[in-house]
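Coordinates in review
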Amino acid sequence: MGARSLNSVVVITVALVAAAAVANGSPASSSSFGVGVSAYPFDDASYNYCVADYPDDQTYNAVPDAKLELVQVVVRHGDRTPVHLLSNDNTTWTCDEVAENIYLNGADQPATNTTGAFRQLIEIPSWNGKYGYSNKVWRGTCDVGQLTDKGKSQHRLLGSKLRGIYIDKLGFLSAQLNNTDEIYARTTNVWRTKNSAESLLGSLWPKREITPQTAIPFHTYPKEIETMYENPDACGKVRTLKSKIVDSEQFQAFLKDQGPLMARLSGIFDVSGPDWASSWDGYMDILQARHCHGVDLPCSDRASISGKSTPKCATAEDLTQVARNSHYEWTLKYRDHPLSHNYLRLVTGSLLGTLKDQMQEHIAGKTGNLKFALYSGHDSTVWPLLAALQASNKNMLWPPYASNILFELWKKNDGSRVVRVIYNGQVLKAQPEFEWCDLNACPLDTFYKHLDEYIPESIVTECAQ
């Protein structure tokens, strides 16, 4: 589907806005800004939403003449069930029982099991047409957005890959985790991100003793103050800036160009509302979650556009185009629009500040035995970080399940420090026109300077402006 050609007036406007962004000190916009979706260079020939690539100890090499000091890992959860529901969905999603041994004790009591073990089972009763709401969700044993068995396996494999590098090859981490001071783990307060972290760490350090003393602490923020994804309820300006991007001339031209596809799919899915008319998120979720499990794409006998006969099932071609539309949408929002820089400061600036502070405190000797930090989040955790690092078009595609960013802090023999950034098994490449540093060994000062462009001095102040 061809994008609407921009006339000369629009092209001139684009150039002036981009020039203004540079003049105001923001990173220059590029790539998708001023380019329609049909002409955008996606570099997606090898893209696979269903699973990310992993780092590999066979191809991994240490930074020459340097010693590894700290590893920070930011991941997206593994394969999950959809988060958007379709009415009268007869699809069956099966998840095994989640059996987690937990214990409760008072703050003034020793860490002992006082309650026994529990299992949580998801039950979806058969719809009887009389009472209940079972027709609002699928069949099976899975909750909405739940990590699947495939998702657990993805993170177990990622954990084993990290063990192959940081334990077997480098001897950097302890082979047996007898002291949890070596690790810091943070997850969003969402079932699938916690289960992903459990799966990863269970393979990074397999066969750990199950005792209160060896339990790895999981740090979570209340959702009201979460900083691992955009939080418009905490910072209203996030919502304002996103709305301005969506209302911009280029974004509206994009929506108009792809409007027929959006109208047909919304008819097939029987969905409506502002979110379904202004973003491809829901369409991506519904199609990709099913595609990754070999489940038939949705069909409906209600699909029509202005009374015209249209295909009543989503197709493989729709899957491809929706993915491209989604890549384009969020690359424009996160990286390429003149407002992206200010938007990113409020979306991911706090997390970048957390990562930088942790590095600085480690160098200052304030983190004790810490060597490995894990941040288990979402696509909306990983993607903004990539945008802030000015990732190339290939690396700005929607982060697949189990996507992983490794930030490695190395100290060279001459006393200087460098940071290496690895994304899904490869050293991260920036856009050629904005290659601000070689991320195989970026000097620490240069790395900090770039992060500072996106870290607010006071997010409260910036949110209020």
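Heads up: the structure comes first, above all this text.
This report concerns the structure included in the present document. None of the values given here were measured: they were computed from a predicted structure.

Right, let's talk about the overall build of the protein for a bit. When helices and strands are tallied, the protein shows 14 helices and 14 strands. In the protein, buried positions account for 50% of the 465 residues. The long-range share in the protein, meaning contacts at least 24 apart out of those at least 6 apart in sequence, stands at 76%. Taken as a whole, the protein presents about 21400 Å² of accessible surface, with 50% of it coming from carbon and sulfur.

A separate point is a nonpolar patch on the surface. Together, Val 83, Leu 85 and Val 144 line one region of the surface with nonpolar side chains, adding up to about 180 Å² of accessible area. Secondary-structure assignment places Leu 85 in the loop between strand E1 (66-76) and strand E2 (92-93).

Moving on to the environment of Phe 33. The topology assignment puts Phe 33 in the loop between helix H1 (8-23) and E1. Judged by its relative accessible area of 14%, Phe 33 falls in the buried class. Once the C-alpha coordinates of Phe 33 and Gln 250 are considered, the two residues, 217 residues apart in sequence, prove to be 7.6 Å apart.

Moving on, we come to the nonpolar core. In terms of nonpolar packing, the biggest core is built from 87 residues, with Phe 269 and Phe 447 touching the most fellow members. Ranked by the residues each element gives to this core, the list is headed by helix H9 (residues 316-336), at 7 residues. Contact partners of Phe 447, with chain neighbours within four places excluded, come to Met 359, Leu 389, Phe 407, Val 419, Val 421, Trp 436, Leu 439 and Cys 442.

Before going further, it helps to examine the state of the cysteines. For the structure shown, the criterion picks out 5 disulfides. Note that Cys 437 is cross-linked by a disulfide to Cys 442, the S-S spacing being 2.2 Å. Negative torsions about the S-S bond denote left-handed disulfides, and the value of about 115° found for Cys 437 with Cys 442 makes this one right-handed. With respect to class, Cys 437 is no different from Cys 442; both count as buried. Disulfide connectivity for the protein, with bonded cysteines indexed by sequence position, reads 1-5, 2-3, 4-10, 6-7, 8-9.

What counts and what doesn't
Residues numbered from 1 in each chain as written. Predicted model: local features only at pLDDT ≥ 70, side-chain atom pairs only at ≥ 80, totals over all residues. Heavy atoms only, no water. Helix = DSSP H or I, 4+ residues; strand = E, 2+ residues; numbered from the N terminus. Buried < 20%, exposed > 50% of the residue type's maximum accessible area, 1.4 Å probe, protein only. Contact = heavy atoms within 4.5 Å. Areas by Shrake-Rupley, 256 points an atom, 1.4 Å probe, with all protein chains shown as cover. Patch = residues over 30% accessible without salt bridge, like charges linked within 9 Å, V, L, I, M, F, W, Y side chains within 5 Å. Salt bridge = Lys/Arg side-chain N within 4 Å of Asp/Glu carboxyl O. Core = buried A, V, L, I, M, F, W, Y, C linked by side-chain atoms within 4.5 Å. Disulfide = S-S within 2.5 Å.

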